[in-house]
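# Structural description and commentary
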Protein chains: 2
Amino acid sequence: MKKDHISNAVIRRLPRYFRYLNDLHEAGVIRISSSALGKSLGSTASQIRQDLSCFGEFGQQGYGYNVETLRSEIADILGINKEHTAIVLGVGNLGRALIENFHFERSGFTLTAAFDTSPAIVGTSVRNVPVYHADSLEQFLAEHHTDVAVLTVPQRVTQQTAHRLVSAGVQGIWNFTNIELSISNPAVIVEDVHFADSLLALSYMISDRDAAAN
Amino acid sequence: MKKDHISNAVIRRLPRYFRYLNDLHEAGVIRISSSALGKSLGSTASQIRQDLSCFGEFGQQGYGYNVETLRSEIADILGINKEHTAIVLGVGNLGRALIENFHFERSGFTLTAAFDTSPAIVGTSVRNVPVYHADSLEQFLAEHHTDVAVLTVPQRVTQQTAHRLVSAGVQGIWNFTNIELSISNPAVIVEDVHFADSLLALSYMISDRDAAAN
């Protein structure tokens, strides 16, 4: 029985639970107590129970969690088995790094194409992903259902690229451009990756540690 | 008057506050009510007041916040004015993308050097950052105080590189390798960037939206 509204904080914690359960599963762990799971995740047993209770009943009093079952339930919740498709817009250094090194398939996504304007790269393929000219974006989207566009274009074309994607029916954008997209269609979901937020958190932690040491 | 222990959740929200206040400042906004600030940040006035109260008194009842003052106070809290230094380990696609496009200086960091092993790139510089051979890492670190190492090396050398950094006294690691680092020195702070967590949150949100639509 799933609750109607799941808080953003819970949604942000689930991928971490999933990642950790994957590691446990690969290490051959069959069962884990909720307190051990909580501790490993820098959380508490009751926080984890509460998070998971948003989606139904998991685990068993006095038994803990079966790692493989919980892993698979969280995979279902996260939509990893939905066969999502994604394209990459902009095959510069970052776009190429993602195509070559990021395991989209482990998150349940198939990369179907990439787009760029550079003659040096259009017509090639990167790790078996074909690179098409950006001019053919609309035609491609008309012919291929696409759940998510990964936005790694230069900032000056970010907003217009987002506009083209949304006009062509794409409803999920993974945005690496550090530009806040302005999108009128409320169905479109934008997930921003802000490297600076992460570096600033690190900056805070090292400053705080250094101040405590002095 | 700063509290002794600041929760991780607060530390994660501060960079976002800072980013938004920067935008407001650039847009010429002088003053903002705490409720408007909360709303823009998908939060509430009382949440923001509570977060900031960890660090002292900000804003004024009935007046709201002075944008520039609050921005500058949060910059101080985050350590942006500490003149932190950073080096990049691994100048592949991702390392190069960060050096070329990420504004380290906006987060208060100066990039002093990059390290790689490829003869094609060692001895060159990328956006004025000199690229040295990885063999000279220890010598460089002995001569240059370095707060943070940005880890964008291949996974197979991740752990050994982290070990070398820590042995040479680096106490902050910004880790893009998707490998959980095992580090014995508790003073070392590791900030992991997990792209998959972000993509899985997006996967959840589009799956949830699509389920609601059906």
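Summary of the structure given here. (Residues numbered from 1 in each chain as written. Chains lettered and ligands numbered in written order. Predicted model: local features only at pLDDT ≥ 70, side-chain atom pairs only at ≥ 80, totals over all residues. Heavy atoms only, no water.)

Below, the discussion takes up the nonpolar core. Judged by nonpolar contacts, the single largest core of 109 residues is most densely connected at W174 of chain A together with W174 and F195 of chain B. If one sorts the elements of this core by residue count, helix α8 (residues 195-213) of chain A sits on top with nine residues. Those residues within four positions of W174 of chain A in sequence are excluded, and the remaining contacts are F102, F104, V148, A149, V150, L151, E191 and V193 of chain A together with F195, S198, L199 and L202 of chain B. (Core = buried A, V, L, I, M, F, W, Y, C linked by side-chain atoms within 4.5 Å. Buried < 20%, exposed > 50% of the residue type's maximum accessible area, 1.4 Å probe, protein only. Helix = DSSP H or I, 4+ residues; strand = E, 2+ residues; numbered from the N terminus. Contact = heavy atoms within 4.5 Å.)

Glancing now at helix α7 (residues 158-167) of chain A. All names here are of chain A. Inspection of α7 places T158, T161, A162, L165 and V166 among the buried residues, and these make up the whole buried set. Around the axis of α7, the buried residues are gathered within 135 degrees of arc, so they sit on the same side. When the buried face of α7 is taken as reference, the exposed residues oriented beyond 90 degrees from it are H163 and S167. In this fold, the buried residues of α7 make contact with β3 (84-89), α6 (137-143), β7 (148-151) and β8 (172-175). Looking one or two residues beyond α7, the residue adopting positive phi is G169, at roughly 100 degrees. (Arc of directions from axis to C-beta.)

What follows covers the environment of L41 of chain A. All names here are of chain A. Inspection of the secondary structure puts L41 in the loop between α2 (34-40) and α3 (45-53). Judged by its relative accessible area of 6%, L41 is buried. Once the C-alpha coordinates of L41 and F18 are considered, the two residues, 23 residues apart in sequence, prove to be 11 Å apart. Those residues in contact with L41, other than ones at most four positions away along the chain, are R16, Y17, Y20 and I48.

Okay, unusual backbone geometry next. Even without glycine at this site, E83 of chain A takes up a positive phi of about 55 degrees. As for its position among the elements, E83 of chain A is in the loop between α4 (67-78) and β3. Among the residues examined, E83 of chain A registers a relative accessible area of 68% and is labelled exposed. Unlike most non-glycine residues, N128 of chain B shows phi in positive territory, near 70 degrees. With respect to the helices and strands, the residue N128 of chain B is situated in the loop between β5 (125-126) and β6 (129-133).

Residues and elements named next belong to chain B. By secondary structure assignment, the location of N175 is in strand β8 (residues 172-175). Accessibility expressed as a relative area gives 1% for N175, which makes it buried. Here I179 takes part through its backbone oxygen, which lies 2.8 Å from a polar atom of the side chain of N175. Excluding residues that lie within four positions of it along the chain, N175 makes contacts with L151, L181, V190, E191, D192 and V193. (Polar contact = N/O pair within 3.5 Å; in protein donor to acceptor, adjacent residues only side chain to side chain.)

Now for the relation of the copies chain A and chain B. Comparison of the two chain copies shows a relationship of rotation about an axis with a shift along it. Taken as rigid bodies, chain A and chain B are interconverted by a rotation of 180 degrees and an axial shift of 0.0 Å, the fit giving an RMSD of 0.0 Å. These values place the two chain copies in the arrangement generated by a two-fold rotation axis. Every residue of chain A has its C-alpha some distance from the rotation axis, and the shortest such distance is that of N93 of chain A, at 2.4 Å. By residue overlap, the copies meet face to face through one surface: 100% of the interface positions of chain A are interface positions in chain B. (Least-squares fit on C-alpha atoms with pLDDT ≥ 70 in both.)

With that out of the way, let us pick up the environment of I87 of chain A. On the secondary structure map, I87 of chain A appears in strand β3. In this structure I87 of chain A comes out as buried when scored by relative accessible area, which is 0%.

Another point: the interface of chain A and chain B. Of the residues lining the interface, 54 residues belong to chain A; the matching set on chain B comes to 55 residues. Buried area between chain A and chain B, both sides added, is near 4,900 Å², and the carbon and sulfur share of it is 65%. Where chain A touches chain B, the interface holds four salt bridges. D197 of chain A is the salt-bridge partner of R19 of chain B, the closest N and O atoms lying 2.5 Å from each other. Viewed at the interface, chain B and chain A are joined by 20 residue pairs in polar contact (both at pLDDT 80 or more). (Buried area = accessible area lost by both parts, 1.4 Å probe. Salt bridge = Lys/Arg side-chain N within 4 Å of Asp/Glu carboxyl O.)

Strands sit in the order β5-β6-β4-β3-β7-β8-β9 (chain B) across an open sheet of seven strands; the sheet is mixed. The sheet is open, and its two edges are formed by β5 and β9 (189-192) of chain B, each paired on a single side. Bridge analysis of strand β3 (residues 84-89) of chain B against strand β4 (residues 109-116) of chain B gives six bridges, and the strand direction is parallel. Looking across to β4 of chain B, one finds that H84 of chain B is bridged to F109 of chain B. Along the sheet face, α8 of chain A touches β3, β4, β7 (148-151), β8 and β9 of chain B and points at about 170 degrees away from the line of β9 of chain B. (Pairing = 2+ DSSP bridges. Axes fitted to C-alpha atoms, helices over the stretch in contact; angles between N-to-C directions.)

Turning next to the packing of helix α1 (residues 8-26) of chain B against helix α4 (residues 67-78) of chain B. Residue and element names in this part refer to chain B. At their nearest, the axes of α1 and α4 sit 9 Å apart, and the two run at 145 degrees to each other. Between α1 and α4 lies a crossing whose hand is left-handed. In contact with L14, P15, Y17, F18, L21, N22, L24 and H25 of α1, α4 contributes V67, E68, L70, R71, I74, A75, I77 and L78. The class makeup of the residues in the contact of α1 with α4 is 12 nonpolar, two polar and two charged. (Left-handed = near helix turned anticlockwise from the far one by under 90°. Nonpolar A, V, L, I, M, F, W, Y, C, P; charged D, E, K, R; others polar.)

A separate point is the pairing of β4 of chain B. Regular strands place their side chains on alternate faces of the sheet. All names here are of chain B. Of all eight residues that make up β4, six are buried, and the element is covered over most of its length. Considered for its hand, the β-α-β crossover made up of β3, helix α5 (residues 93-101) and β4 is right-handed. For β4 and β6, the ladder comprises three bridges, and the chain directions are parallel. Across the sheet, A114 pairs through a bridge with V131, a residue of β6. (Right-handed = clockwise from strand over helix to strand, strands pointing away.)

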